[in-house]
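# Structural characterization, general
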Amino acid sequence: MGNFVQTISDRVSIIASERLWLEHAAIEQAKTTSQLAGMQRVVGLPDLHPGRGYPVGAAFFSTGRLYPALVGNDIGCGMGLWQTDILSSRVKLDKVDKQIGNLDDIIDEHEWDALERHDDTLCARFAALGLVLREAGLDSGHLRSLGTIGRGNHFAELQVIDKVELPDVLAQTALAPKCLQLLVHSGSRGLGQAVLRSHVDAFSHAGLADGSEAAAAYLRQHDAAVRYAELNRALIAARILMRLRCSATPVLDVNHNTVTAANFGGADGWLHRKGATPSDLGLVMLPGSRDDYSYLIEPLADAHALSLQSLAHGAGRKWLRTDCKGRLDRLATPAQLSRTSTGGRVICNDRALIYEEAPQAYKNVDSVLGCLVGAGLARVVARSRPVLTYKTRGECC
């Protein structure tokens, strides 16, 4: 295990082998963050990379203060997984591509009626969320964006399991290897940005004192944004499943940008996750890039304290977004990047985004996975191959 845990200081450790490439700037951000008032521990995960002032792919435990900036602007961002009844052997990508259509448009009245017939719980959840937003003092206008994926690294992806490592564990889920799964990665859209902006404008990056009125107000808005993100993923899935005319069973839904009350070493405090998947909520997904495999993994409870109850949330960026097009435009066209080496397809009609999200811009997910397994944090249940990934039709809502 020691070969997969790097001790940077008395407060900072990184779950990574010595051979895993880590950007120096990300390590420096982790060290700087550890000096915040009340910060007790910072754990970088194998997908660690620099963010806007604070590292992404990390968990932070503080006492006495909580820090909205450590959660970031996409509060509640996470991943939901559904098992469909679509036989993978019968999938025709041209037909599926056409059926899915455009998910960038907001949901209109006609589609809402169809969605309610598809899942009669969605409208009730929508109404309840509107009430939660109002009680938290948030603009209900953000509800218009529900059901849209957003840009950046967000996506909706049809996958198929192609390798099973732990059949007994898989059998306890609703997953069926012969049928397609739907993985949705999205968050709170502009709502999370609005929450962060209001608190940073008022309090800068000094954090909020535990038990203060300001902290309570932020937590109300944070919790509302988390609920928004969860409903957003459910609506994205419902739009896709309805258009594909299939049935599906929810398997998991896990947030990776949150702050929650926690206790470590006998101390009560706040666990912040920025691009870090909880390891205390059951099975989780570790997605690769659009031309790489994803893994269903089982967290191992014995190692919860080592990683602040957190796991990597993906492969982790290797290149800055601003560098991607310059590195790749002579090597691959957008059309070439929309086809994967495993026979899959990527729907991304935004020329800049398809370069920013190219597989080459990310670490190899197997290297990240190897560190989690090597450190004794998780074991692999199954591997999935991407079939069709939706990013954007290029027509922003």
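Residues numbered from 1 in each chain as written. Predicted model: local features only at pLDDT ≥ 70, side-chain atom pairs only at ≥ 80, totals over all residues. Heavy atoms only, no water.

## Quick notes on unusual backbone geometry
Positioned with a positive phi, Arg245 is a non-glycine residue whose angle comes to about 55°. Assignment of secondary structure puts Arg245 in the loop between helix H8 (213-243) and strand S10 (248-255). Since its relative accessible area comes to 72%, Arg245 is described here as exposed. A positive phi is found at Leu308, a non-glycine position, where the angle reads about 55°. (Helix = DSSP H or I, 4+ residues; strand = E, 2+ residues; numbered from the N terminus. Buried < 20%, exposed > 50% of the residue type's maximum accessible area, 1.4 Å probe, protein only.)

## Let's talk about the side chain of Gln181
Tracing the chain through its elements places Gln181 in strand S8 (residues 179-186). From its side chain, Gln181 meets the backbone oxygen of Ala176 in a polar contact 3.2 Å long. Among the polar contacts made by the side chain of Gln181, one reaches the main-chain carbonyl oxygen of Cys179 at a distance of 2.8 Å. The contact partners of Gln181, leaving out residues within four places of it in the chain, are Leu81, Trp82, Gln83, Glu157, Leu158, Gln159, Val160, Ile161, Leu175, Ala176 and Ser384. (Polar contact = N/O pair within 3.5 Å; in protein donor to acceptor, adjacent residues only side chain to side chain. Contact = heavy atoms within 4.5 Å.)

## Describing the sheet that holds strand S3 (residues 39-49)
The strand order across the open sheet built from six strands is S1-S2-S3-S4-S12-S11, with neighbouring strands paired in mixed fashion. Of all the strands in the sheet, the pair left with one neighbour each is strand S1 (5-7) and strand S11 (257-264). For this sheet the average axis-to-axis angle between neighbouring strands, irrespective of direction, equals 20°. When strand S4 (residues 56-62) meets strand S12 (residues 267-274), the two strands line up antiparallel, connected through five bridges. Paired with Ala58 across the two strands is Lys274, which belongs to S12. In the packing of H8 onto the sheet, contacts are made with S11 and S12, and the angle to S11 comes to roughly 120°. (Pairing = 2+ DSSP bridges. Axes fitted to C-alpha atoms, helices over the stretch in contact; angles between N-to-C directions.)

## As for the environment of Lys95
Tracing the chain through its elements places Lys95 in helix H3 (residues 93-100). Relative accessible area serves as the criterion here: at 55%, Lys95 is assigned to the exposed category. Here the alpha-carbon distance between Lys95 and Leu244, two residues 149 residues apart in the chain, equals 9.5 Å.

## A closer look at the packing of aromatic side chains
Within the structure shown, the criterion is met by two aromatic pairs. Judged by centre distance (5.1 Å) and plane angle (75°), the rings of Phe61 and Phe264 are edge-to-face. Taken together, the residues Phe61 in strand S4 and Phe264 in strand S11 connect sequence positions 203 residues apart. Centre to centre, the rings of Trp112 and Phe126 are 4.9 Å apart; their planes meet at 65°, and the pair counts as edge-to-face. Highlighted residues: Trp112 in helix H4 (residues 109-118) and Phe126 in helix H5 (residues 122-135), separated in sequence by 14 residues. On the accessibility criterion, Trp112 (16% relative accessible area) is buried. (Phe/Tyr/Trp six-rings, centres within 6.5 Å; stacked < 30°, edge-to-face > 60°.)

## Some thoughts on the packing of H5 against H8
Packing of H5 against H8 leaves a shortest axis separation of 10 Å and a crossing angle of 155°. It follows that H5 is roughly antiparallel to H8 by the angle criterion. Crossing hand, H5 versus H8: left-handed. Where H5 approaches H8, its residues Leu122, Arg125, Phe126, Ala128, Leu129, Val132 and Leu133 are matched on the opposing element by Ala224, Arg227, Tyr228, Glu230, Leu231, Ala234, Leu235 and Ala238. (Parallel < 35°, antiparallel > 145°, perpendicular 65-115°, else oblique. Left-handed = near helix turned anticlockwise from the far one by under 90°.)

## Some remarks on the pairing of S11
Looking down a regular strand, the side chains alternate between one sheet face and the other. Two elements, S11 and S12, share eight bridges in a ladder whose sense is antiparallel. Within S12, the position partnered with Ala262 by the bridge is Gly269. Following S11, the chain reverses through two residues before pairing antiparallel with S12; Gly265 in that reversal takes a positive phi of roughly 60°.

## Examining a negative patch on the surface
Judged by side-chain charge, Asp105, Asp108, Glu109, Asp113, Glu116 and Asp120 come together as a negatively charged surface patch. With respect to the element layout, Asp120 can be found in the loop between H4 and H5. Judged by relative accessible area, Asp120 falls into the exposed class, the value being 61%. (Patch = residues over 30% accessible without salt bridge, like charges linked within 9 Å, V, L, I, M, F, W, Y side chains within 5 Å. Areas by Shrake-Rupley, 256 points an atom, 1.4 Å probe, with all protein chains shown as cover. Salt bridge = Lys/Arg side-chain N within 4 Å of Asp/Glu carboxyl O. Lys, Arg positive; Asp, Glu negative; His and termini not counted. Charge placed at Lys NZ, Arg CZ, Asp CG, Glu CD.)

## Concerning the side chain of His313
Relative to the assigned elements, His313 resides in the loop between strand S16 (310-312) and helix H9 (321-328). Polar contacts involving the side chain of His313 include one to the side chain of Asp47, which spans 2.6 Å.

## A look at helix H1 (residues 24-33)
Here H1 has its buried residues at Ala26, Ile27, Gln29, Ala30 and Thr33. The buried residues of H1 occupy an angular sector of 160° when the element is viewed end-on, so they sit on one face. The outward face of H1, more than 90 degrees from its buried face, is lined by the exposed residues His24 and Thr32. Against the buried residues of H1 lie strand S2 (12-15), S3, S4 and helix H2 (68-71). (Arc of directions from axis to C-beta.)

## Some points on the nonpolar core
Core analysis: the largest hydrophobic core is formed by 56 residues, its most contacted members being Leu286, Leu296, Ile297 and Val381. Once you skip the residues sitting within four places of it in the chain, Leu286 turns out to touch Ser294, Tyr295, Ile297, Ala312, His313, Gly314, Val365, Val368, Leu369 and Leu372. By size, the runner-up hydrophobic cluster in this structure holds 32 residues, among which are Leu66, Val132, Ala225 and Ala234. (Core = buried A, V, L, I, M, F, W, Y, C linked by side-chain atoms within 4.5 Å.)

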